[in-house]
Amino acid sequence: MFAKKSRWNAIIVLIITMLFISSILFLGIRANAEVEEQFIDQFTQGQTSQAQQISNGITTFLNEKVTMLEVLSIQPHQIPDDNFSKTFESIYEKSKGFYVIEYVDKNGTIVSGYPEENTPLEYNLYENERSIPFEIVRETGETYITDPLTTFEKELAIYVWVPVYVGEDEFEGAFIAVIEIDKITEETIKTENPAGYIYLINDNARLLYDSAETDLIGKNYFDIINEPDVSRLEIIGMQTEGLSGSGTFSERNENGFLEQKIISYEPVIWKNQQWSVGVVTPLWYVESLVQSIYVKQGLFAMISVAFILFIGSFIALILFSWNKTLEDEVQSKTSELEKSNEYLQNANRKLKELDRLKNDFVSMVSHELKTPLTAMKTSSEFMKETECDPEVKEEMLDLIIRNIDRQSRMVDDLLDISRIESGRMKFNPEDVNIREIVETSLQTVEKQAKDKGINIKVGYPQESLTIRTDKDKLIRVFVNLLTNAIKFTPHEGDVEISVTDTGDNIQASIKDNGIGIPPEKRDKIFDKFYQVDSTATRKAGGTGLGLAIIKGIIDGQGGNIFVESENGKGSTFTFRLPKELKEEDFTEIEQH
Ligand code: ATP
Ligand code: MG
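Residues numbered from 1 in each chain as written. Chains lettered and ligands numbered in written order. Predicted model: local features only at pLDDT ≥ 70, side-chain atom pairs only at ≥ 80, totals over all residues. Heavy atoms only, no water.

Q: Sorry, what's going on with the pattern of salt bridges here?
A: Any two side chains of opposite charge can pair, on the condition that their charged atoms come close. For the structure on display, the rule yields 24 salt bridges. Note that Asp-470 is salt-bridged to Lys-473, the shortest N-O span being 3.2 Å. Judged by relative accessible area, Asp-470 falls into the buried class, the value being 3%. Lys-569 is the salt-bridge partner of Glu-566, the closest N and O atoms lying 3.8 Å from each other. Here the salt bridges share partners, and the residues they tie into one network are Arg-232, Glu-251, Glu-259 and Lys-261. (Salt bridge = Lys/Arg side-chain N within 4 Å of Asp/Glu carboxyl O. Buried < 20%, exposed > 50% of the residue type's maximum accessible area, 1.4 Å probe, protein only.)

Right, here's the structure in full:
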């Protein structure tokens, strides 16, 4: 029962531990997911501000250049003799990033420029059909920036056109500043994006800059993206519209695997130009940054799990040991109780036995003592009070003597049984002929048998049988057994004695065809005072000591006695005695 309980306790502790572990793991995974989500958000914000910084950098860089030219364009009251050459030089030197700064006179001819080696002097715009921007600035009176174009040196560059007026709105020509895109990006995109890339497109989706793929610069971005997924196309669309934002898309990496990317894009709006800068980072890179947090969280979860397991097993151990001690204690107490119970049962059995003995003894004594006493008393009184014939007197005296004999026999029996029980019965061994003993015994019971009409047959072995034993006691054994056989056999029955030689022993059986003994009583008849049917037996007389004394005599000389019987049909008592009575056999007397 306790082993079962321990098992249940262990299972409960195990379930609680598992619940703890799973909730910690669940919470850990939830927390991880939340942390990752937040981290990606934060990272995207950071990337957006990086794009904003780049955008601001580009605008500032370009504004600075244009402002210088615009200031110069409204200053003069007349065109200087050197056609601004000197001023161009100082601007060029001060502000890095110009490819060339030129002055075109009102006829559309390039008349000066710095540095000179980059200036196509005397180049006429009209002659070369490149007068459109020139016309625009003349018409609008405002700075105009061309879309990025390829220079003579095959570089992508923007052309900044600033109209030059002198006096009262007198159009005198224009400044052209050529700024190469890679110069712009070189100066403005200084932040690094180790795992991803930064690119710049204009509102026609033309790629102006790509930190990863310089070969593609100048191409249309819609044409070059390798995995035109919807979100990617939408993002480029929004970039060309000058919007800012962030999002995700997938793209194939150089190994051909699709990769999730996070993009932040920001417009670069400057004069009539509108570009967009995009900062792209692969998701795995962002996740790898979260990895260290995961590792720490995993470590924490593992420590927690280990701790819980430790506590769980500790509790389970305590419960086990509690149960074990309890179990042991209960077991020892149970066995103690069982022992004392057994002891009490034995004691009870003995007490019952004693009680029965006492009852048997009392009923026997009351009968066996009282009956002869009454007879004697009655006879004595009769003789005292009545003048009776000498014959009657003789008869009365005989009756008194018989009853005295009966009583002294009873006292002898009681003394014998007491000797047997205390191991004090004495045997006086002598060599006797078994035939002699049987004959003597038969003489004793002859009258009783005759009175009841019982015929006694005897069977002996051919050779005469001699045995060394206590003669008187062996006679007593035969007499007692024969008396019983006669007593418990109705009139005109048969009793048969047979004596056999079995080598070391002699064996004798006394068989009758009397009332028999019920099977359940057969063991008890050898107990002192025990009589099978006390009322029936009382009539026949007797103390219930006969068989107990016989058994004492037989056992006391190293023999044994047993009974076979069929209820209502008769009994056979058989005993064996060793021919040679040995000293050590004396002690084997059963205690009753
Ligand atoms: P006692 O022998 O002392 O005069 P008893 O004959 O009653 O008295 P036991 O000889 O010890 O006592 O016998 C015990 C009982 O066994 C008898 O009372 C009787 O009930 C039963 N018994 C003994 N011998 C026989 C027998 N041959 N046939 C049937 N019952 C017997
Ligand atoms: Mg008897």
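Q: Help me out: how do you make sense of the environment of Val-563 in this one?
A: Structurally, the position occupied by Val-563 is in strand E17 (residues 560–566). We classify Val-563 as buried; its relative accessible area is 14%. Separated by 415 residues in sequence, Val-563 and Pro-148 place their C-alpha atoms 138 Å apart. Leave out the neighbours within four places in its chain, and Val-563 touches Ile-517, Arg-522, Ile-525, Phe-526, Ser-571, Thr-572 and Phe-573. (Helix = DSSP H or I, 4+ residues; strand = E, 2+ residues; numbered from the N terminus. Contact = heavy atoms within 4.5 Å.)

Q: Quick question: what am I supposed to make of the sheet that holds strand E8 (residues 207–210) here?
A: Spatially, five strands are ordered E8-E7-E11-E10-E9 in an open sheet, and the strand pairing comes out antiparallel. Edge strands, defined here as strands with exactly one partner in the open sheet, are E8 and strand E9 (245–252). Between one strand and the next, the sheet's axes are offset by a mean angle of 25°, whatever the strand orientation. Taken together, the ten bridges between strand E10 (residues 258–270) and strand E11 (residues 273–282) define a ladder with antiparallel strand orientation. When the bridges of E11 are listed, Ile-269 appears paired with Gln-274. Along the sheet, helix H7 (residues 283–385) makes contact with E10 and E11, crossing E11 at roughly 50°. (Pairing = 2+ DSSP bridges. Axes fitted to C-alpha atoms, helices over the stretch in contact; angles between N-to-C directions.)

Q: Would you explain the packing of helix H9 (residues 434–452) against helix H10 (residues 471–487) in this entry?
A: Axes are the key here: two packed helices are described by the angle between their axes and the distance separating the axes. Running from amino to carboxyl end, H9 crosses H10 at an angle of 30°, the nearest separation of the two axes being 9 Å. Classified by the angle between their axes, H9 and H10 sit roughly parallel to one another. For the element pair H9 and H10, the recorded crossing hand is right-handed. Listed contacts from H10 to Ile-434, Glu-436, Ile-437, Val-438, Thr-440, Ser-441, Leu-442, Thr-444, Val-445, Gln-448, Ala-449 and Lys-452 of H9 are Lys-471, Leu-474, Ile-475, Phe-478, Val-479, Leu-482, Thr-483, Ile-486 and Lys-487. (Parallel < 35°, antiparallel > 145°, perpendicular 65-115°, else oblique. Left-handed = near helix turned anticlockwise from the far one by under 90°.)

Q: Help me understand the pairing of strand E5 (residues 156–166), please; the structure alone is not making it clear to me.
A: Within a regular strand, the side chains alternate between the two sheet faces. Among the eleven residues that make up E5, ten are buried, leaving the element largely enclosed by the rest of the structure. Here two bridges tie strand E3 (residues 144–145) to E5, and the two strands are oriented antiparallel to one another. When the bridges of E5 are listed, Ile-145 appears paired with Val-160. Here strand E4 (residues 149–150) pairs with E5 via two bridges, running antiparallel. Bridged to Leu-149 within E5 is Ala-157. Count of turn residues in the E4/E5 antiparallel hairpin: five residues, of which Lys-154 carries a positive phi of about 65°. Bridge analysis of E5 against strand E6 (residues 170–180) gives ten bridges, and the strand direction is antiparallel. Across the sheet, residue Tyr-165 finds its bridge partner in E6, namely Phe-171.

Q: It is not clear to me how the nonpolar core should be interpreted in this structure. Could you clarify?
A: Soluble globular proteins tend to bury their nonpolar side chains together. If you look at the biggest cluster of nonpolar residues, it comprises 50 residues, and the most contacted ones within it are Leu-474, Phe-478, Ile-510 and Phe-575. Here this core takes nine residues from H10, the largest share from any one element. What Leu-474 contacts, discounting residues up to four positions off in sequence, is Ile-434, Ile-437, Ile-467, Thr-469, Phe-575 and Leu-577. Within the second largest apolar cluster, 38 residues are counted, among which are Leu-62, Ile-158, Val-164 and Phe-175. (Core = buried A, V, L, I, M, F, W, Y, C linked by side-chain atoms within 4.5 Å.)

Q: Explain the sheet that holds E17 here, please?
A: Paired through their backbone hydrogen bonds, the strands of a sheet run either parallel or antiparallel. Strand order across the open sheet formed by five strands is E13-E15-E16-E18-E17, with mixed pairing between neighbours. Of all strands in the sheet, those bounded by a partner on one side alone are strand E13 (455–459) and E17. For this sheet the average axis-to-axis angle between neighbouring strands, irrespective of direction, equals 15°. When strand E15 (residues 494–501) meets strand E16 (residues 505–512), the two strands line up antiparallel, connected through seven bridges. Bridging across to E16, Thr-500 finds its partner in Gln-507.

Q: Would you mind going over unusual backbone geometry with me for this structure?
A: With the exception of glycine, the majority of residues adopt a negative phi angle, and the majority of peptide bonds are in the trans configuration. The omega angle of the peptide bond from Tyr-114 to Pro-115 is -10°, so this bond is cis rather than trans. Turning to its location among the elements, Pro-115 is positioned in the loop between strand E2 (110–114) and helix H3 (132–140). For Lys-271, which is not glycine, the phi dihedral falls at a positive 55°. When you line up the elements, Lys-271 lands in the loop between E10 and E11. Although it is not a glycine, Glu-492 sits at a positive phi angle of roughly 60°. Residue position: Glu-492 is located in the loop between H10 and E15.

Q: What is the right way to read the packing of aromatic side chains from this model?
A: Think of a pair of aromatic rings as described by two things: how far the centres are apart, and how the planes are tilted against each other in angle. Under the criterion given, the structure shown has 16 aromatic pairs. For the ring pair Phe-478 and Phe-575, a centre distance of 5.5 Å and an interplane angle of 70° mean the geometry is edge-to-face. Within this pair, whereas Phe-478 is found in helix H10, its partner Phe-575 is found in strand E18 (residues 570–578), the two being separated by 97 residues in sequence. An identical accessibility class is assigned to Phe-478 and Phe-575; each is buried. Over the aromatic face of Phe-61 sits the side chain of Lys-65, whose NZ or CZ is 3.8 Å from the ring centroid. The residue whose ring lies beneath Lys-65 is Phe-98, and the NZ or CZ to ring-centre distance is 5.6 Å. (Phe/Tyr/Trp six-rings, centres within 6.5 Å; stacked < 30°, edge-to-face > 60°. Lys NZ or Arg CZ within 6 Å of the ring centre and 35° of its normal.)

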